[in-house]
Amino acid sequence: VQLQASGGGLVQAGGPLRLSCAASGLSFSNFVMGWFRRAPDREREFVATISWSGSVTDYADSVEGRFTISRDNAKNTVDLQMNSLKPEDTAVYYCAAGTLRNWGMRTRSSEYRYWGQGTLVTVSS
């Protein structure tokens, strides 16, 4: 199984950035897909998740209304559109795939079995 994240970079505060994650080696539509991030000197935290079919999404309070997660089960990809970026969004962003025992566990990183290598997002003030 491989999850290849891309799209990170340096962006000014207030600007947009779009992350993409390409998955291979798994039955993509059988997995909940999530994005997590780890900022310097902080623990990894949940950012966004999307259900198996893509019909349901959930976001951390800190990104609600600014970030949008989407998936394409035909292409085995999941994207994270990030708008109105803030310096505190600076982090390494990871995509993850989880089978999840139930949707209620969607924000728990322990429920995600496969992880990408991460892509760095730096937001300058």
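Residues numbered from 1 in each chain as written. Predicted model: local features only at pLDDT ≥ 70, side-chain atom pairs only at ≥ 80, totals over all residues. Heavy atoms only, no water.

Asks: Could you give an account of the state of the cysteines, with specific residues and numbers?
Replies: Tallied over the entire structure, the rule returns one disulfide. In this model, Cys21 is linked to Cys95 through a disulfide, with the two sulfur atoms separated by 2.1 Å. Looking down the S-S bond of the Cys21 and Cys95 bridge, the torsion is 55°, so its handedness is right-handed. One end of the pair, Cys21, is in strand β3 (residues 17–24); the other, Cys95, is in strand β9 (residues 91–98), with 74 residues separating them in the sequence. By relative accessible area, Cys95 is classed as buried at 0%. (Disulfide = S-S within 2.5 Å. Helix = DSSP H or I, 4+ residues; strand = E, 2+ residues; numbered from the N terminus. Buried < 20%, exposed > 50% of the residue type's maximum accessible area, 1.4 Å probe, protein only.)

Asks: With reference to specific residues and values, describe the packing of aromatic side chains.
Replies: Summed over all chains, the structure comprises six aromatic pairs. Considering the side-chain rings of Phe31 and Tyr114, the 5.9 Å spacing of their centres and the 55° angle between planes classify their relative orientation as tilted. Placement of Phe31 in the loop between β3 and β4 (32–38) and of Tyr114 in strand β10 (residues 114–115) is noted, with a sequence separation of 83 residues between them. Taking relative accessible area as the criterion, Tyr114 reaches 22% and is therefore assigned partly exposed. Seen in terms of ring centroids, Phe36 and Tyr112 are 5.1 Å apart; in terms of plane orientation they differ by 75°. Their pairing is edge-to-face. Here Phe36, found in strand β4, pairs with Tyr112, found in the loop between β9 and β10; they are 76 residues apart in sequence, far enough to count as distant. (Phe/Tyr/Trp six-rings, centres within 6.5 Å; stacked < 30°, edge-to-face > 60°.)

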